[in-house]
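# Understanding the architecture of this molecule
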Amino acid sequence: MKTLERLARTFDPRSVWFGWGRTLIALAHAVTLALTPPAYLMPPVIDQVRAPQCGSIRAVSAYCLGGHDIGQEWRRWIMVALLLLVASGWRPRWTVIPHAWITFSIGVSISLPDGGESIARIVCLLIIPLGLADDRIWHWSRPVTPIGPTARGIAFAAFLAVRLQLAILYMQSGVSKWGVPDWLNGSAEFYVLRSPLFGVAGPLKSLMLWASDNSLIEAGMTWGAIIIEIVIAVFLLSSTRWRRTAFVLDVALHVSIIVTMGLWSFALIMMGSAAIAALPDRLPGPGAGTAEDGTAPLPEREPAPAAV
């Protein structure tokens, strides 16, 4: 508990890890919207109201505000422009809420959102306190001002929530596979790679299909995915060093998914979320050495002068 209290007093989200996380998530959606016309994101689905659905809380979606007077193409390119602004790193304090609004809009408005849309929506909502505490002009630069204790504490609580959310997600994903016979017996990747929808394609197809024909390699690929997901979950709840190890494992896992199955947008969102969860812990107080990310600790806020 004392360690947690110390970290809460010294936490500072203004790191390049925060910047890279926001950039990867924003780029995932920016490229998706830029390359996918609205008609392909919102096709008719049997037994569902035609997207975008604008009832209840969905009425504030970027796809619904303004009604039919604003065409979906205009909405699409406005969102792309805002997402590219977020990805550039300019003024995190000003762009963190629009970013959360766009990820919410995509998640609740398109016809068939995947897991990436849901994760991005949750993560971008949780990091609003981190962004509001970030007064930098660019999220790539070093901070030059201290953070007030209230903003610091709220940002730290949000940071813990992001880590806990991702840890639960990866643990659930890993453990739930034990209940599926093909994952338990080590043959799941054989069928995944040959799926007509998400199977391996491109220049590595022959190599991956050959590898998956070998029972030992196939079992290693299948069980390895389960082990990596569980390890990531545990490491995300540990110290900075282990969280960064979790980030490396996360990148390796999702790059392998990109290579074999595609799903690059989902992969970028997960890697961006893991980067935010890998934000460094800082050593307490001025004069206590450098922070764990190599930046010098910032001076404490000077007390206001006494009234004469």
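For the structure, see preceding data.
Described below are features of the structure shown in this document. (Residues numbered from 1 in each chain as written. Predicted model: local features only at pLDDT ≥ 70, side-chain atom pairs only at ≥ 80, totals over all residues. Heavy atoms only, no water.)

Our next topic: the environment of histidine 99. With respect to the helices, strands and loops of the structure, histidine 99 is situated in helix H5 (residues 92–109). Residue histidine 99 is classed as buried on the basis of its relative accessible area of 2%. C-alpha separation for the pair histidine 99 and leucine 125, spaced 26 residues apart in sequence, amounts to 8.8 Å. Leaving out residues up to four positions away in the same chain, histidine 99 has contacts with Arg22, Ile25, Ala26, Leu83, Val86 and Cys124. (Helix = DSSP H or I, 4+ residues; strand = E, 2+ residues; numbered from the N terminus. Buried < 20%, exposed > 50% of the residue type's maximum accessible area, 1.4 Å probe, protein only. Contact = heavy atoms within 4.5 Å.)

Here the focus is the environment of serine 173. Turning to its location among the elements, serine 173 is positioned in helix H8 (residues 149–176). Considered as a pair, serine 173 and alanine 133 are 40 residues apart in the sequence and their alpha carbons are 32 Å apart.

For the rest of this paragraph, the subject is the side chain of arginine 14. The residue arginine 14 is located in the loop between helix H1 (2–10) and helix H2 (16–35) in this model. Among the residues examined, arginine 14 registers a relative accessible area of 2% and is labelled buried. One polar contact links arginine 14 to aspartate 12, side chain to side chain, over a distance of 2.8 Å. A distance of 3.0 Å separates the side chain of arginine 14 from the side chain of aspartate 135, its partner in a polar contact. (Polar contact = N/O pair within 3.5 Å; in protein donor to acceptor, adjacent residues only side chain to side chain.)

The phi torsion at serine 56 lies on the positive side, around 55 degrees, for a residue other than glycine. Mapped onto the fold, serine 56 is located in the loop between helix H3 (38–41) and helix H4 (72–88). Judged by relative accessible area, serine 56 falls into the exposed class, the value being 69%. The phi angle at leucine 263 is positive, at roughly 55 degrees, despite the residue not being glycine. Structurally, leucine 263 can be placed in the loop between helix H13 (240–261) and helix H14 (264–277). Judged by relative accessible area, leucine 263 falls into the partly exposed class, the value being 32%.

What follows deals with the nonpolar core. By size, the foremost hydrophobic cluster in this structure holds 41 residues, and its most contacted members are Ile127, Leu130, Tyr170, Leu236, Ile276 and Leu279. Elements with a contribution of two residues or more to this core: H2, H5, helix H6 (115–126), helix H7 (128–132), H8, helix H12 (215–235), H13 and H14. Looking at which element gives the most residues to this core, the answer is H8, with eight residues. Not counting the four nearest positions on each side in its chain, leucine 236 is found in contact with Arg163, Leu166, Ala167, Tyr170, Arg243, Ala246 and Ala277. Membership of the second largest hydrophobic core comes to 16 residues, among which are Leu41, Ala62, Met79 and Ala87. (Core = buried A, V, L, I, M, F, W, Y, C linked by side-chain atoms within 4.5 Å.)

As a further point, take the side chain of threonine 103. By the element assignment, threonine 103 lies in helix H5. Using a relative accessible area of 0% as the deciding quantity, one classes threonine 103 as buried. Side-chain polar atoms of threonine 103 contact the backbone oxygen of alanine 100, separated by 2.9 Å. Setting aside residues no more than four positions away along its own chain, threonine 103 makes contact with His29, Ala120, Arg121 and Cys124.

Moving on, we come to the state of the cysteines. A full pass over the atoms with the stated rule returns one disulfide. The partner cysteine of cysteine 54 in its disulfide is cysteine 64, sulfur to sulfur 2.0 Å. The disulfide joining cysteine 54 to cysteine 64 has a torsion of about -85 degrees about its S-S bond and is therefore left-handed. Taken together, the residues cysteine 54 in the loop between H3 and H4 and cysteine 64 in the loop between H3 and H4 connect sequence positions ten residues apart. Looking at cysteine 54, the relative accessible area reads 36%, which means it is partly exposed. Distance from the sulfur of cysteine 124, which forms no disulfide, to the nearest cysteine sulfur (cysteine 64) is 19 Å. Judged by its relative accessible area of 1%, cysteine 124 falls in the buried class. (Disulfide = S-S within 2.5 Å.)

Once that is clear, we can look at the packing of aromatic side chains. The final tally for this structure, using the stated rule, is eight aromatic pairs. With a centroid separation of 4.9 Å and 15 degrees between ring planes, the pair formed by phenylalanine 11 and phenylalanine 159 is classed as stacked. In this pair, phenylalanine 11 is assigned in the loop between H1 and H2 and phenylalanine 159 in helix H8, connecting sequence segments 148 residues apart. The exposure class assigned to phenylalanine 11 is buried, which follows from its relative accessible area of 2%. (Phe/Tyr/Trp six-rings, centres within 6.5 Å; stacked < 30°, edge-to-face > 60°.)

What follows is about H2. Taking 1.5 Å of rise per residue, 20 residues should cover 28 Å, and H2 covers 28 Å from first to last C-alpha, within 8% of that figure. With respect to burial, H2 is a largely interior element, 14 of its 20 residues being buried. By the N-cap criterion, in which a side-chain oxygen at the helix start approaches the backbone nitrogen of a residue two or three places on, H2 is capped by serine 15, the distance to tryptophan 17 being 3.1 Å. (Expected span 1.5 Å × (residues − 1).)

By themselves, these figures tell us nothing about what the structure is for.
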